[in-house]
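Chain residues, written in single-letter form:
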Amino acid sequence: MMETRDGRSVAAGAGELPRLTAADVAKVAAQARLRFTDEELEQLSGQLSDILRMAAELKAVDTEGVEPTAHGIPVYNVMRDDIPVPSMPQADVLSGAPEAKDGYFKVPRILEEA
Amino acid sequence: MSVETKVEYEIVIGLEIHAELSTESKVFCGCRTTFGADPNSLVCPVCLGLPGSLPVLNRKAVEYAIKAGLALNCEIARYSKFDRKQYFYPDLPKAYQISQYDLPLCRNGWVEFEINGEVRRVGINRVHLEEEAGKSVHSGERLLGSEYSLIDYNRGGIPLIEIVTEPDLRSPEEARVFLEQLRQILLFTGVSDVKMEEGSLRCDANISLRPKGSTKFGAKTEVKNLNSFRSVQRALEYEAQRQREVLESGGTLYQETRHWDENRGVTVAMRSKEEAHDYRYFPEPDLVPLVVDEAWIERLRAELPELPRARQARFVEQYGLPRYDAEVLTTSPQLADFFEACVAEYGQAKPVSNWIMGEFLRLLKAEGKAVEQVQVSPKGLADLLRLIDQGVINANVGKEVFEEMFHTGKEPGAIVKERGLEQISDTAALAAIVDQVIAANPDAADNVRNGEMKAIGFLIGQVMKQTGGKANPKVVQALLRERLLGG
């Protein structure tokens, strides 16, 4: 059982949610290429745990017989015809690049091979 | 004496194939898909992932993906959606690729191919629609002490289908033959130009070994950087041998990704970060779901052309061609169409097949041309064959005429007239030349008189030379026999 923000008690999930540790947050942060101090990780682990607990309230809803959905509005098949339109001028494309060379974006090499 | 029992291993292979779809514009924006344009000249805020831009799905890309699915005998999902696959790499400007995760457009298909006279069937797990990444050009130069890459985003956003097979392939050779068959199906279906050399068809392979008879899979290696059909087979042969050696020496295999080094002929382990494969998929909020109804599927199914294996079988059946001819003539839909158009004009199939497989393909290959770039019309080839049948020109001159038709598209009759290539069948005219040749080559003539028939070929050749190749060889031979052997 858990208590929602408005004080109701619901029979679901959040109680089963383990609290996020600083290490969990560090892992998620690394995947998003974010860097935090230890204090920030501590603070964020608390905040993220709260957010997850809040989202877990949805688990209380009876979804028996309800189709899963990825979108909230009943709109489907928004498509365009296969007709090319002009692209951006190359100079504009590269104008925001920190570095460019011969029409290419220039980036530090990422090593993935052995 | 010790008895060594050697474990026999079975090779298990599954392929992941990416094919670029032949749309005019990209999958989520209107930028052109032209290959080889100036770097970063075919990009816009959408395919660069600039803030505030929104994707809109290209209907044609969906139709091509469905057609590919139908050609691969898949079920088409009535409901599917797009998802974001997150990873960081410089060729991916949004830091996610729009792909399909749990609800792909096509599922549960199969492909049949033939190897060593046996028909094999490979399951198709799924076909889904996604966007291409940009292209990195790695430089050997150093940027502030470290190497750098150059990125061209023109390719980013070109529609792509990923085809995933079941692990049903049992040898590197099978993998290659299957891939060739798959390529041909996509080519005939017209959804992709499937050029491995331009990267519009790419293949990764999963391979593992297991003791024969076992139903459990061994630890698999994913092999990347397979740039040709040949390298698919070579890399898998190398990898099967490497895994066998590890197992036979008592070692353990781990799941890993390896890179095929074409020059050295080896696979090399790739260093990858621990979380590299946590793609954290979630539904793409900027695209609404896709609902495909029966009517749409049936309309697309009706547009599917006859597929390569069916067309081959029909060529054997309908035209009485040898299997080999049928295979060669169905290497591309354009070639098969050309063949059928020629037969419709000429009436007989085998002579047409001989000319196409001989002179036509020889010239195509020599000049690196595609069938549709060639000037020869089906009626032109039929007219040429008739000129030969009627004895107006001989077969050798026919080849000469054909070569000019190939380059200029002129009618064969006009070429023959213009260049005075009509065959000389007139006995009186040829007799004079035959007599000259006999007089000029007394030794060869004697040889023929003594029954050495090889020498008659030499004399015919001499007459041909005198007549610029235009003499009717049958008449010449008759005249020579008459004079030297008394008929």
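Residues numbered from 1 in each chain as written. Chains lettered and ligands numbered in written order. Predicted model: local features only at pLDDT ≥ 70, side-chain atom pairs only at ≥ 80, totals over all residues. Heavy atoms only, no water.

Draft legend 1. Spotlight on the interface of chain B and chain A. Contacts between the two partners involve 58 residues from chain B, matched on the other side by 36 residues from chain A. Interface area, chain B with chain A, both sides summed: about 4,400 Å², of which 60% is carbon and sulfur. Taken together, the connections running from chain B to chain A amount to one salt bridge. For Arg-59 of chain B, the salt bridge goes to Asp-81 of chain A, with nearest N and O atoms at 2.5 Å. At the boundary of chain B with chain A, the tally comes to 20 residue pairs in polar contact (both at pLDDT 80 or more). For the side of chain B that touches chain A, the secondary-structure elements that each account for two or more residues are α1 (45-48), β2 (57-58), α2 (59-71), β9 (135-143), β10 (146-152), β15 (266-269) and β17 (290-291) of chain B. It is β10 of chain B that provides the largest number of residues to the side of chain B that touches chain A, a total of six residues. Where strand β3 (residues 79-80) of chain A lies against β2 of chain B, two bridges are found, and the strand directions are parallel. Paired with Arg-80 of chain A across the bridge in β2 of chain B is Asn-58 of chain B. (Contact = heavy atoms within 4.5 Å. Buried area = accessible area lost by both parts, 1.4 Å probe. Salt bridge = Lys/Arg side-chain N within 4 Å of Asp/Glu carboxyl O. Polar contact = N/O pair within 3.5 Å; in protein donor to acceptor, adjacent residues only side chain to side chain. Helix = DSSP H or I, 4+ residues; strand = E, 2+ residues; numbered from the N terminus. Pairing = 2+ DSSP bridges.)

Draft legend 2. Representation of the packing of aromatic side chains. All names here are of chain B. Evaluation of the coordinates by the stated rule reveals 15 aromatic pairs over all chains. For the ring pair Phe-113 and Phe-178, a centre distance of 6.0 Å and an interplane angle of 65 degrees mean the geometry is edge-to-face. Here Phe-113, found in strand β7 (residues 106-115), pairs with Phe-178, found in helix α3 (residues 172-189); they are 65 residues apart in sequence, far enough to count as distant. Here Phe-113 matches Phe-178 in class, with each residue buried. Centre to centre, the rings of Tyr-279 and Tyr-281 are 6.1 Å apart; their planes meet at 75 degrees, and the pair counts as edge-to-face. The exposure class assigned to Tyr-281 is partly exposed, which follows from its relative accessible area of 27%. The rings of Phe-338, Trp-355, Phe-360, Phe-402 and Phe-406 are connected pair by pair, giving a single aromatic cluster. For Lys-85, the ring lying beneath its charged end belongs to Tyr-279, and the centroid distance is 4.3 Å. One cation-aromatic arrangement involves Arg-121 over Trp-110; the distance from NZ or CZ to the ring centre is 3.6 Å. (Phe/Tyr/Trp six-rings, centres within 6.5 Å; stacked < 30°, edge-to-face > 60°. Buried < 20%, exposed > 50% of the residue type's maximum accessible area, 1.4 Å probe, protein only. Lys NZ or Arg CZ within 6 Å of the ring centre and 35° of its normal.)

Draft legend 3. Representation of the sheet that holds strand β13 (residues 221-226) of chain B in the model. Taking strand neighbours across the sheet as the criterion, the nine strands line up as β3-β7-β8-β11-β1-β12-β13-β14-β15 (chain B) in an open arrangement whose pairing is mixed. Looking along the sheet, the strands with just one partner apiece sit at the ends: β3 (75-76) and β15 of chain B.

Draft legend 4. Just the environment of Trp-260 of chain B, in detail. All names here are of chain B. Note on placement: Trp-260 falls in strand β14 (residues 256-261). Look at Trp-260 and you get buried, because its relative accessible area is 1%. Spatially, the C-alpha atom of Trp-260 lies 5.6 Å from that of Asn-225, the residues being 35 residues apart in sequence. Once you skip the residues sitting within four places of it in the chain, Trp-260 turns out to touch Val-223, Lys-224, Asn-225, Leu-226, Ser-231, Arg-234, Ala-235, Tyr-238, Gly-265, Val-266 and Thr-267. Among the polar contacts made by the side chain of Trp-260, one reaches the side chain of Glu-262 at a distance of 3.0 Å.

Draft legend 5. Just helix α15 (residues 454-466) of chain B, in detail. Residue and element names in this part refer to chain B. Of the residues making up α15, those classed as buried are Ala-455, Ile-456, Leu-459, Ile-460, Val-463 and Met-464. The elements touched by buried residues of α15 are α13 (427-440), α14 (442-449) and α16 (473-485). One or two steps after α15, the chain reaches Gly-468, where phi turns positive at roughly 65 degrees.

Draft legend 6. Seen up close, the domain arrangement of chain B. Residues and elements named next belong to chain B. The domains assigned to chain B are domain 1 (12-297), domain 2 (306-418) and domain 3 (427-485). For domain 1 versus domain 2, the distance between C-alpha centres works out to 37 Å. Listed as interface residues are eleven residues of domain 1 and, on the opposing side, eleven residues of domain 2. Of the roughly 870 Å² buried between domain 1 and domain 2, counting both surfaces, carbon and sulfur atoms make up 60%. Contact with domain 2 buries area across many residues of domain 1, yet Glu-114, Gln-184 and Phe-188 alone supply 60% of it, more than any other trio. Across the contact surface, domain 1 and domain 2 share two salt bridges. For Glu-114, the salt bridge goes to Arg-323, with nearest N and O atoms at 3.6 Å. Linking domain 1 to domain 2 there are two residue pairs in polar contact (both at pLDDT 80 or more). Residue assignment for the side of domain 1 that touches domain 2 shows that the elements contributing at least two residues are β7 and α3. It is α3 that provides the largest number of residues to the side of domain 1 that touches domain 2, a total of six residues. (Domains from an automatic or database assignment.)

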